[in-house]
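# Survey of secondary and tertiary structure
What follows is the residue order along each chain.
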Amino acid sequence: MRAWAAVLMIVSVAAGCGSAGASAGASAGANTPSPAGLAHATATPRESALTPPPTPVHLSFTATGSMAQWEPDCALALLKDGRVLAVGSTINYYDTGGLGDASIFDPASGQWTPTGSPLEAMYLPTATSLDDGRVVVAGSGYVEVYDPSSGKFSKAGTLLDKRYLAAATPLLDGRILLTGGWDLPDPKGVLRELKTAQIYDPKTGQTTWTGSMSTVRDRGQAVRLEDGRVLMMGGNANLAEDPLASAEIFDPSTGTFTLTGSMAEPRADFSAALLPDGRVLVAGGGPIPVSGEIGGVHVEIYDPVTGKFKAAGTAAIDPRSRLVTMPLPDGRVVMVDLDGTAGIFDLSSDYQPFTSLDPIGTYEGGEWSGTAILLRDGRLLFPGSPSSWIL
């Protein structure tokens, strides 16, 4: 067996301005320029004898403006001009049953400002950026479109049910696939998990049914592959929160789901990211033990060519679910856990990788919204209050 060596980077974090307080994590992913200063090398024994270790780098969380309205579990969308829209909240819906607030973050000023509010109350909606710069927000049976030029929401159709916690995936033709989640309680208070899927067309404002998944997937993950198909993975199979290991592929040309290779570990409420080489990395999730800690420390990678998942190492980070995973163009992945402990997961497509996750520090300074997004300049935004944070 070959022995692989790794050159680990040394990282540090600047002190925050308050007590640590992460409430939850999320997932998001995009291919943008690498944040300045990231450096992590993995080498074979021959390479390590010839190549000196990289110069240690320092990454830190930097405090930025507080959200205009506190929005835990809000949906985030990147606007064409680089600003960020945050919409939807669990607090407003539960406490008042009223309309969710919306805010805009400007990376240039580091400040949040209020913008127009949705016309309908939407619980845990999805937010999908369109090519024309607008954003489709969908949930609880409603579809609205946010126009950055006017700062207002407008009605744009309806969903075919009142689902929330769905996965929204933009297709190559501009339509949006909505899968899984829950239907809002009926008059008797009965919840219903969903295995159905529907497609919203922003051009017509119409929503139509498409093929159903093989099973209910509550808090699964959906990733659009390079060929336009959609990989749907994991999720809970029932109210008992039994996570699934199975995965399936949605083909927009046929409107059907087909089972593909399964993950080695069942996962729900986990993170998934499309890598620059077209493969998909998954991390986090798993059953919730009595202690409340969530498992899922092992990282897996799905290869669309073989249709199989392959073990990719262990993430030496607090292994709770809803990790933020942000892929970099060189194949490395930034990971941040529920407490804000961050690191770089290094892998290579050329050989069986030696993988590690190096601690950067702890997110500090108040309450995290539970979501994160990759900005156009390669930095990561973690919305929160009384401060948001940028890594």
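Residues numbered from 1 in each chain as written. Predicted model: local features only at pLDDT ≥ 70, side-chain atom pairs only at ≥ 80, totals over all residues. Heavy atoms only, no water.

A few words on the packing of aromatic side chains. What the rule picks out here adds up to 5 aromatic pairs. Relative to Trp 112, the ring of Phe 105 lies with its centre 5.2 Å away and its plane at 50 degrees, an arrangement referred to as tilted. Here Phe 105 and Trp 112 have matching classes, each one buried. When the centroid spacing of 4.9 Å and the interplanar angle of 50 degrees are considered together, the rings of Tyr 146 and Phe 153 count as tilted. With a relative accessible area of 2%, Tyr 146 lands in the buried category. (Phe/Tyr/Trp six-rings, centres within 6.5 Å; stacked < 30°, edge-to-face > 60°. Buried < 20%, exposed > 50% of the residue type's maximum accessible area, 1.4 Å probe, protein only.)

Here we have 3 strands laid out as an open sheet, ordered E12-E15-E16, and antiparallel in their pairing. Every interior strand has two partners, whereas the edge strands, strand E12 (163–164) and strand E16 (192–193), have only one. Relative to strand E15 (residues 182–183), E12 runs antiparallel, the two sharing 2 bridges. Residue Arg 163 lies in a different strand from E15, and its bridge partner there is Asp 183. (Pairing = 2+ DSSP bridges. Helix = DSSP H or I, 4+ residues; strand = E, 2+ residues; numbered from the N terminus.)

Mapped onto the elements, Gly 255 comes out in the loop between strand E21 (247–251) and strand E22 (256–260). By relative accessible area, Gly 255 is classed as buried at 14%. For the pair Gly 255 and Ile 199, spaced 56 residues apart in sequence, the C-alpha separation works out to 9.5 Å. Once you skip the residues sitting within four places of it in the chain, Gly 255 turns out to touch Thr 210, Gly 211 and Phe 250. (Contact = heavy atoms within 4.5 Å.)

Now for the pattern of salt bridges. Counted under the stated rule, the structure contains 13 salt bridges. Where Glu 120 meets Lys 155, a salt bridge forms, and the shortest distance between an N and an O atom there is 3.6 Å. You can see Glu 120 sitting in the loop between strand E7 (111–114) and strand E8 (126–129) and its partner Lys 155 sitting in strand E11 (residues 152–158), a full 35 residues away along the chain. Owing to a relative accessible area of 59%, Lys 155 belongs among the exposed residues under this scheme. One salt bridge in this structure joins Arg 134 and Asp 132, with 2.9 Å as the shortest N-O distance. On the basis of relative accessibility, which here comes to 46%, the residue Asp 132 falls in the partly exposed class. One salt-bridge network, held together by shared partners, links Glu 265, Arg 267 and Glu 300. (Salt bridge = Lys/Arg side-chain N within 4 Å of Asp/Glu carboxyl O.)

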